Protein chains: 2
Amino acid sequence: MDLDKDNKISITVIRRLPKYHRYLGELLRRGINRISSKELSDLTGFTASQIRQDLNNFGGFGQQGYGYNVEELYNQLGKILGLNKVYNTVIVGSGNLGQAISNYSGFEEAGFKVLSLFDKNPKVIGLKIRDIEIRDVDELGDFIKENDVEIGVITTPREYAQDIADVYMENGIKAIWNFAPADIKVSDDIIVENVHLSESLFTLSYFLNNKEDYVKN
Amino acid sequence: MDLDKDNKISITVIRRLPKYHRYLGELLRRGINRISSKELSDLTGFTASQIRQDLNNFGGFGQQGYGYNVEELYNQLGKILGLNKVYNTVIVGSGNLGQAISNYSGFEEAGFKVLSLFDKNPKVIGLKIRDIEIRDVDELGDFIKENDVEIGVITTPREYAQDIADVYMENGIKAIWNFAPADIKVSDDIIVENVHLSESLFTLSYFLNNKEDYVKN
C-alpha cells in the first residue's frame, strides 16, 4: 500500500483516482468493456505497475490474464470517490465562475446538488441561474443550517474569501471548494480544496519560457 | 538543484513557484519589505530548507541573516514565470467559464491579453464581453496567424476539445490552457496545461468520505 508516514493513503495516489475514473468513463462511452493494465497505462500515461499498486490500496480489482472490467472498476472508483451520494452544495459569488459551476451538469450528475447561489450585490439577488436562485449572502448561515449543506464553494474576489470561509465554518460546512486566490484558514476538521487558476496559468507561462523543463503532465 | 533524470527542473518545484509568487504578492500588499525563509515557511507551509532549495535552482536570492527582499524576490519570480511579457491569447468557448477567464483582470495585469473569444453559436457571435468580441470559430485559424496569438484557451464541452486543439496546433499556437474534461493530443513542442475541475471536486469528495486520509495541501 502507498501509505505516508501517518498511514494515510498518499495525496498523489488520491489525485490519480479521479483521473482513472475519467478515463474509464471515456472507455465506457466508447463501449469498451474490458481493459488490461497495460492498455490503461498507454491511455493514462501511468505505468501498469503504478496503476495496479494504486488500485490495490482499495482492494484488488483486476484479474490475472483478464484485466479490468471497465464498468465495474468505474463504479467502484466512483464509490471510493464518494460519487454514489448526494451533497447539498452552495456557491458564494454569482459571477461568471459561480455560474459556470452551477450550470455544469456533470457536477450535478455526480451528486453535487447546488441548492443556491449567494451574492452581496442587490442587483443580482433574487435572479435565477437556470432554476437556482441567487440569495443575499446575509442569509447564508441560516440557509446552510436549514438545508443540511455539506459543501460550500467560494467564487468571490480574494478579499471576501476568509469572511465566507468563517461563515461556512460557523455553520457546519464540511468541505470548502475555494477558487479565490487566497489561502483560507479554517479548523482542521474542514476539508479545503483549492483551485488557484493563476497558478496553473503561470505554470503554463513558465514552460512557455523554459521549454527544456516541460514534461507532459 | 532539484533536477529530474533528464536534468530538468522538476515539475513539483515549478508548481511551487506560482505559490511563492502569490504569497509574496500578498506580503507586498500588506507593506512587508523583508522576510526570512523561516517566516516564508510559516506562511506557505513548505519547510525553510525546501524554500531555499527551490529558489537556489534559479540563483541565490536571500542573504544570510537578512532573509529575502520581498519586492525583489516577487519581481524575480515574476520574471522566472515569464510574467514580464505580454502574451496574445484567445479563448474558444464563450460560455460562463470562457467569460470568467476573459473578465478576470488579474490575468490581463499579468500579461495575458485576451484578444478575442470564439464560439460556434450564431446567437452569440458578434456580441462583446466587456470590450472583447466573440467571433465565429471558423475564423479562428486566420485570427491566430494574423495576430501572433501564442496562447489558446479551451473552454468548450469535451467533444469539441480535440478539434479546437487541432486548429490551434495547425496555426502555430505555442501553449494550450485546457479546461475541457478531455485529454487533448498535440505535438510535443506545444505546452499543454490542463485544469480538470471535476478531478478537484472528486478529490474533495474523496476526502469528505475518507477524512483519515486528509492532509492540508
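Note that the coordinates shown come from a computational prediction; the quantities given were computed from them, not determined experimentally. (Residues numbered from 1 in each chain as written. Chains lettered and ligands numbered in written order. Predicted model: local features only at pLDDT ≥ 70, side-chain atom pairs only at ≥ 80, totals over all residues.)

Q: Can you tell me about the overall build of chain A, naming the residues and giving the values?
A: Secondary structure summary: chain A contains nine helices and nine strands in total. Summarising its shape, the C-alpha atoms of chain A cover approximately 60 × 45 × 40 Å along the three principal directions. Sequence-distant contacts, at least 24 apart, represent 56% of the contacts inside chain A between residues at least 6 apart. (Helix = DSSP H or I, 4+ residues; strand = E, 2+ residues; numbered from the N terminus. Contact = placed C-beta atoms within 7 Å.)

Q: Could you give an account of the relation of the copies chain A and chain B, naming the residues involved and the relevant values?
A: Take chain A, turn it by 180°, move it 0.0 Å along the axis, and it overlays chain B with an RMSD of 0.0 Å. Look at the turn and shift together and you get a two-fold axis relating the two. Among all residues of chain A, the one whose C-alpha sits closest to the rotation axis is Asn96 of chain A, at a distance of 2.5 Å. Both copies present the same face, since 100% of the interface residues in chain A are matched by interface residues at the equivalent positions in chain B. (Least-squares fit on C-alpha atoms with pLDDT ≥ 70 in both.)

Q: Got a sec to walk through the sheet that holds strand 3 (residues 87-92) of chain B? Specific residues and values, please.
A: Strand pairing in a sheet relies on backbone hydrogen bonds. The paired strands run either parallel or antiparallel. In spatial order, the strands read 5-6-4-3-7-8-9 (chain B); together these seven strands make up an open sheet with mixed pairing. A single partner strand is all that each edge strand has here, and the edge strands are strand 5 (128-129) and strand 9 (191-194) of chain B. In the sheet, strand 7 (residues 151-154) of chain B pairs with strand 8 (residues 175-178) of chain B via four bridges, with the strands oriented parallel. What sits directly across from Ile151 of chain B, in strand 8 of chain B, is Ala175 of chain B. Helix 9 (residues 197-209) of chain A contacts strand 3, strand 4 (112-119), strand 8 and strand 9 of chain B of the sheet and is inclined by roughly 170° relative to strand 9 of chain B. (Pairing = 2+ DSSP bridges. Axes fitted to C-alpha atoms, helices over the stretch in contact; angles between N-to-C directions.)

Q: For the pairing of strand 4 of chain B, give the residues involved together with the corresponding values.
A: All names here are of chain B. For strand 4, a buried count of six out of eight residues is recorded, marking the element as mostly surrounded by other parts of the structure. Here six bridges tie strand 3 to strand 4, and the two strands are oriented parallel to one another. Bridge pairing links Tyr87 to Phe112 in strand 4. Two strands pair when backbone bridges link them, and strand 4 and strand 6 (residues 132-136) are joined in this way by three bridges, in the parallel orientation. Bridge pairing links Leu117 to Ile134 in strand 6. (Buried ≥ 20, exposed ≤ 12 C-beta atoms within 10 Å, placed from the backbone.)

Q: Can you tell me about the interface of chain A and chain B, naming the residues and giving the values?
A: In this assembly, 51 residues from chain A lie in contact with 51 residues from chain B. A class-by-class count of the residues in the side of chain A that touches chain B yields 28 nonpolar, 13 polar and ten charged. (Nonpolar A, V, L, I, M, F, W, Y, C, P; charged D, E, K, R; others polar.)

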